[in-house]
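# Secondary and tertiary structure notes
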Amino acid sequence: MDHFQFRETGLHAEDVPVHRIAESVGTPTYIYSRATLLEHLKRFQTAFAPLEPTICFAVKSCSNLAILNLLAEAGAGMDIVSGGELRRALTAGTDPGLCVYAGVGKTDEEINYALDSNIGLFNCESAPEFENIARLARARGTRARVALRVNPDVDPKTHRHTTTGVRSTKFGIDIEDAPAFFDRYAGETACDLCGLHAHIGSPIREVEPYVRSTRRLLELADLLGTRGHVITTLDLGGGFAADYETGEAPSARTYADALVPLLEERVSNGLRIVMEPGRSIAANAGVLVARVQYVKIAGDRRFAIIDAGMHTLLRPSHYDAFHFTWPCSPKEQHVPMDRRASLELEGLIKHDVVGPICETGDYIALDRDLPPLERGDLLAVFGSGAYGMSMANRYNSMPLPAEVLVDGDAFHVIRRRETLEDLFSHESASAPTATPTATPTATPTATHGAAEQ
Ligand code: LLP
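Residues numbered from 1 in each chain as written. Predicted model: local features only at pLDDT ≥ 70, side-chain atom pairs only at ≥ 80, totals over all residues. Heavy atoms only, no water.

Right, let's talk about the packing of helix α2 (residues 34-47) against helix α3 (residues 65-73) for a bit. The geometry of a pair of packed helices is captured by two quantities: the angle between their axes and the separation between those axes. The contact between α2 and α3 brings their axes to 10 Å, and the two run at 40°. The pairing of α2 with α3 is recorded here as oblique in orientation. As α2 runs across α3, the sense of the crossing is right-handed. Taken together, the residues of α3 that come into contact with α2 (itself represented by Arg34, Leu37, Leu38 and Leu41) are Ile67, Leu70 and Leu71. Each residue belonging to the contact of α2 with α3 can be placed in one class, and the counts come to six nonpolar, no polar and one charged. (Axes fitted to C-alpha atoms, helices over the stretch in contact; angles between N-to-C directions. Helix = DSSP H or I, 4+ residues; strand = E, 2+ residues; numbered from the N terminus. Parallel < 35°, antiparallel > 145°, perpendicular 65-115°, else oblique. Left-handed = near helix turned anticlockwise from the far one by under 90°. Contact = heavy atoms within 4.5 Å. Nonpolar A, V, L, I, M, F, W, Y, C, P; charged D, E, K, R; others polar.)

Now for the confidence of the model for the protein chain. For the protein chain, mean pLDDT is 93; residues scoring 70 or higher make up 95% of the total. A low-confidence stretch, residues 442-446 (pLDDT under 50), is modelled with three contacts involving residues beyond four sequence positions or located in other chains. The model gives residues 449-453 a pLDDT under 50, and that stretch makes two contacts with residues more than four places away or in other chains. (pLDDT = per-residue confidence, 0-100.)

What follows covers the site of the ligand. Near the ligand there are 18 residues, and of these Ser202, Glu276, Arg315, Tyr319 and Tyr387 occur at the shortest range. Surface burial for the ligand is 92%, taken as the share of its 590 Å² of free accessible area covered by protein chains. Taken together, the residues that form the shell around the ligand break down as six nonpolar, six polar and six charged. Two domains each provide a minimum of three residues to the shell around the ligand, namely domain 1 (34-281) and domain 2 (284-418). (Near = heavy atom within 4 Å. Areas by Shrake-Rupley, 256 points an atom, 1.4 Å probe, with all protein chains shown as cover. Domains from an automatic or database assignment.)

A few words on unusual backbone geometry. In this model, Thr27 is joined to Pro28 through a cis peptide bond whose omega is -5°. As for its position among the elements, Pro28 is in the loop between α1 (18-25) and β4 (29-33). Going from Ser202 to Pro203, the amide bond is cis rather than trans, its omega being -10°. For Tyr387, which is not a glycine, the phi torsion comes out positive at approximately 55°. Tracing the backbone shows Tyr387 in the loop between β19 (378-381) and β20 (402-407). A positive phi angle is found at Asn396, which is not glycine, with a value near 65°. Looking at the element boundaries, Asn396 is found in the loop between β19 and β20.

Shown next, in the form of structure tokens:
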């Protein structure tokens, strides 16, 4: 479900013609629909209502402050993985008590920041990390709430780059090692070791891996109970799929139908549930809009070269991800009624939709049947709201795109397009020269190396 529809005058984001945004803001631009974001969050809240979960939006999926603010105002907490994401979550007005913090490499600085912010939960990924959180909390005279991230060894059946819950990934600790972990650390006074966390991968298109993972977590919680360790928080992670092509991604309701019965009774006995959806809320709430710069034929390929590429949306080249891509103002016979089925329309031609980056792997869509594209056409890349802008980069010195939030018939720039000056505003414009050393005992300067000679 989303609020991007083709009408007579072309693609609309809610009630705003996409071409109007492109003319005003330029391209490439990420366009998000406020109503879609809120509706997706609501669906989660409603489907899982019997568990009264804390729904922590995965900031990494879409981290624009205005969007975080929108979701926080609608009751979401935030799943964060860095000090930067914590700063974003707090700046956007999130209740720090609703922030859960995962990540295998938390630095002292980040942990201290999270302790000082009084976040709701550290999702701890290793024994040395736990010892470090305890040491830093003790030094500050505070107490951290900690869940142990366990690796339930469940295959989420997704891309290998985003498979996180099978043995031998860097995340969490093996589930068999959890009892010994609790025996060893539960007495730590600077930490309240009260929870279990698992995030097995992303996107997960089937319900069954969640069911297996949740069952394993519950068995572990019971086993820990027999050893005197009470688990009060269970964080089920994120990974819920979004619909990129077929409309067959399971809905929040499908996941809930399988998971609620497993957890309902525990919740009524006081267990608190946390969930960390990102993609399922943001992916279909955003499109990337780009303009065709050139069309060229090379051998048997017809290339549409657009002003977005792997630097704007990395997913196609990095994960071989499919994103439905279509001109924003197609001729009447090419207006797609159903996105996937439109690939069957008459008069389409195979295109490779590629970017300007100097790599052959820079593409958005390969071998795709599309209406004949021409220079100047606007293209929409659907399903780009999650892991689109948040993974965009400046490779080839390309400024980051603009972001726009549509609300009914109004649109707002929520991140301005970067300028060329923004590209190097953190850099020094002149090459530092070696400071000539007047005497062998010259006062050391901040210039590394020179002072040591
Ligand atoms: N919680 C944790 C601990 C995670 O590592 C992730 C995602 C999530 C929650 C949210 O997962 P989601 O609900 O958004 O699927 N860049 C990749 C996805 C990487 C996901 C990393 N972790 C992509 O574009 O497909």
